[in-house]
Amino acid sequence: FSKYKTTEELVERYIAEIEHFDMGLGQLISGLKKRGVYDDTILVLTSDHGENLGEHNLYFHHGGLYRSTTHVPLIIKAPGQSGSKDFSLTQNIDIAPTILDLAAIPYWQGMRGRSLAGQIQGNQTPRDFAFSEHMHGQLVSIRTLNHSLILHRENSSQFPNYPFQAGHMEFYDLT
């Protein structure tokens, strides 16, 4: 990153990477349609984390459990389903059981996460809350649509602008 003089240049590069991915995704979808398999394909688009673009004085590393790093896209296209659904309070651990459920493949008892297939089909309500963790649970959070509570479980100075302090809590009213 040292060749860039401003954070704006880094943000522009980040946006360019997203646009490049978007182009590739368009090519994938076009290829599936040309082969006649798009309608029968389960397509899941997500990310493991967002990026900080200056929020809370953090840049380009997924430090913290703020909205900038926990609110990631989740798009699921399932055969026979249309329209959009609200996945705002899901967790990445919900993705595997969802794919298995949509593909009619049984999954093991005790599997973490819950299938979103019922939510996709319109007969299941979204979660009321979601959990997140960072750095092997050194930082944990629970969030609702309106609030977020972040708990520092251990001390860490990995992020100089954002030191973890065991026992420290951050509460945010997101409205």
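Structure first, text after, so check above.
Residues numbered from 1 in each chain as written. Predicted model: local features only at pLDDT ≥ 70, side-chain atom pairs only at ≥ 80, totals over all residues. Heavy atoms only, no water.

Draft legend 1. Molecular detail of the overall build of the protein. When you go through the protein residue by residue, the secondary structure sums to four helices and six strands. Long-range contacts, defined here as pairs at least 24 residues apart, represent 45% of the contacts in the protein between residues at least 6 apart. Carbon and sulfur atoms provide 53% of the accessible area of the protein, an area that totals close to 11400 Å². Between the centroid of the 14 positive side chains of the protein and the centroid of its 19 negative side chains there is a distance of 6 Å. (Helix = DSSP H or I, 4+ residues; strand = E, 2+ residues; numbered from the N terminus. Contact = heavy atoms within 4.5 Å. Areas by Shrake-Rupley, 256 points an atom, 1.4 Å probe, with all protein chains shown as cover. Lys, Arg positive; Asp, Glu negative; His and termini not counted. Charge placed at Lys NZ, Arg CZ, Asp CG, Glu CD.)

Draft legend 2. Spotlight on the pattern of salt bridges. Under the definition given, this model contains two salt bridges. Two residues, arginine 127 and aspartate 94, come together in a salt bridge whose shortest N-O distance is 2.6 Å. In this pair, arginine 127 sits in the loop between α4 (117–120) and β3 (130–134) while aspartate 94 sits in the loop between β2 (74–77) and α3 (95–102), placing the two residues 33 residues apart along the sequence. You'll find arginine 127 and aspartate 94 in the same group, each marked buried. (Salt bridge = Lys/Arg side-chain N within 4 Å of Asp/Glu carboxyl O. Buried < 20%, exposed > 50% of the residue type's maximum accessible area, 1.4 Å probe, protein only.)

Draft legend 3. Region of interest: unusual backbone geometry. Positive phi, normally seen in glycine, also occurs at alanine 104, with a value near 60°. Within the secondary structure layout, alanine 104 lies in the loop between α3 and α4. A residue is classified by how much of its surface remains accessible, and alanine 104, at 69% relative accessible area, is exposed. Even without being a glycine, methionine 135 presents a positive backbone phi close to 50°. Secondary-structure assignment places methionine 135 in the loop between β3 and β4 (139–143).

Draft legend 4. Structural detail: the nonpolar core. Grouped together as the largest cluster of nonpolar side chains are nine residues: Leu58, Leu65, Tyr66, Met135, Leu139, Ile150, Phe159, Tyr162 and Phe164. Beyond its immediate stretch of four places on either side in the chain, methionine 135 contacts Ser156, Gln158, Phe159 and Phe164. With seven residues, the next largest nonpolar core counts Leu74, Ile76, Phe87 and Ile95 among its residues. (Core = buried A, V, L, I, M, F, W, Y, C linked by side-chain atoms within 4.5 Å.)

Draft legend 5. Broad picture of the sheet that holds strand β6 (residues 169–173). The four strands are arranged β3-β4-β5-β6 in an open sheet whose pairing can be described as antiparallel. Either end of the sheet is taken by a strand with one partner, and the two such strands are β3 and β6. Here the average twist between neighbouring strands, direction ignored, is 15°. Pairing analysis gives five bridges linking β3 to β4, with the strands arranged antiparallel. Its bridge partner lying in β4, glutamate 133 is registered against valine 140. (Pairing = 2+ DSSP bridges. Axes fitted to C-alpha atoms, helices over the stretch in contact; angles between N-to-C directions.)

Draft legend 6. Fine view of the side chain of threonine 70. Inspection of the secondary structure puts threonine 70 in helix α2 (residues 67–70). The exposure class of threonine 70 is buried, given its relative accessible area of 15%. In this view, threonine 70 contacts Leu65, Ser132 and Arg143; residues no more than four positions away in its chain are not counted.

Draft legend 7. Structural detail: α3. Taken residue by residue, α3 has Ile95, Pro97, Thr98 and Leu100 as its buried positions. Considering only its buried residues, α3 is in contact with β1 (43–46), β2 and α4.

Draft legend 8. Focus on the pairing of β3. Residues Ala130, Ser132 and His134 of β3 are buried on one face, while the alternating residues Phe131 and Glu133, pointing to the opposite face, are not. Linkage of β3 to β4, two consecutive antiparallel strands, is achieved through a turn of four residues, within which methionine 135 is found at a positive phi near 50°.

Draft legend 9. The arrangement of the packing of aromatic side chains in detail. A full pass over the atoms with the stated rule returns four aromatic pairs. On the basis of an interplanar angle of 80° and a centroid distance of 5.8 Å, the ring pair of tyrosine 66 and tyrosine 172 is categorised as edge-to-face. Pair noted here: tyrosine 66 is in the loop between β1 and α2 and tyrosine 172 is in strand β6, with a separation of 106 residues, a long-range link. Given the relative accessible area of 7%, tyrosine 66 is considered buried. When the centroid spacing of 5.6 Å and the interplanar angle of 75° are considered together, the rings of tyrosine 162 and phenylalanine 164 count as edge-to-face. Taken individually, tyrosine 162 and phenylalanine 164 each receive the classification buried, so the pair is uniform in this respect. A cation over an aromatic ring shows up here: lysine 77 above the ring of tyrosine 38, its NZ or CZ 4.5 Å from the ring centre. (Phe/Tyr/Trp six-rings, centres within 6.5 Å; stacked < 30°, edge-to-face > 60°. Lys NZ or Arg CZ within 6 Å of the ring centre and 35° of its normal.)

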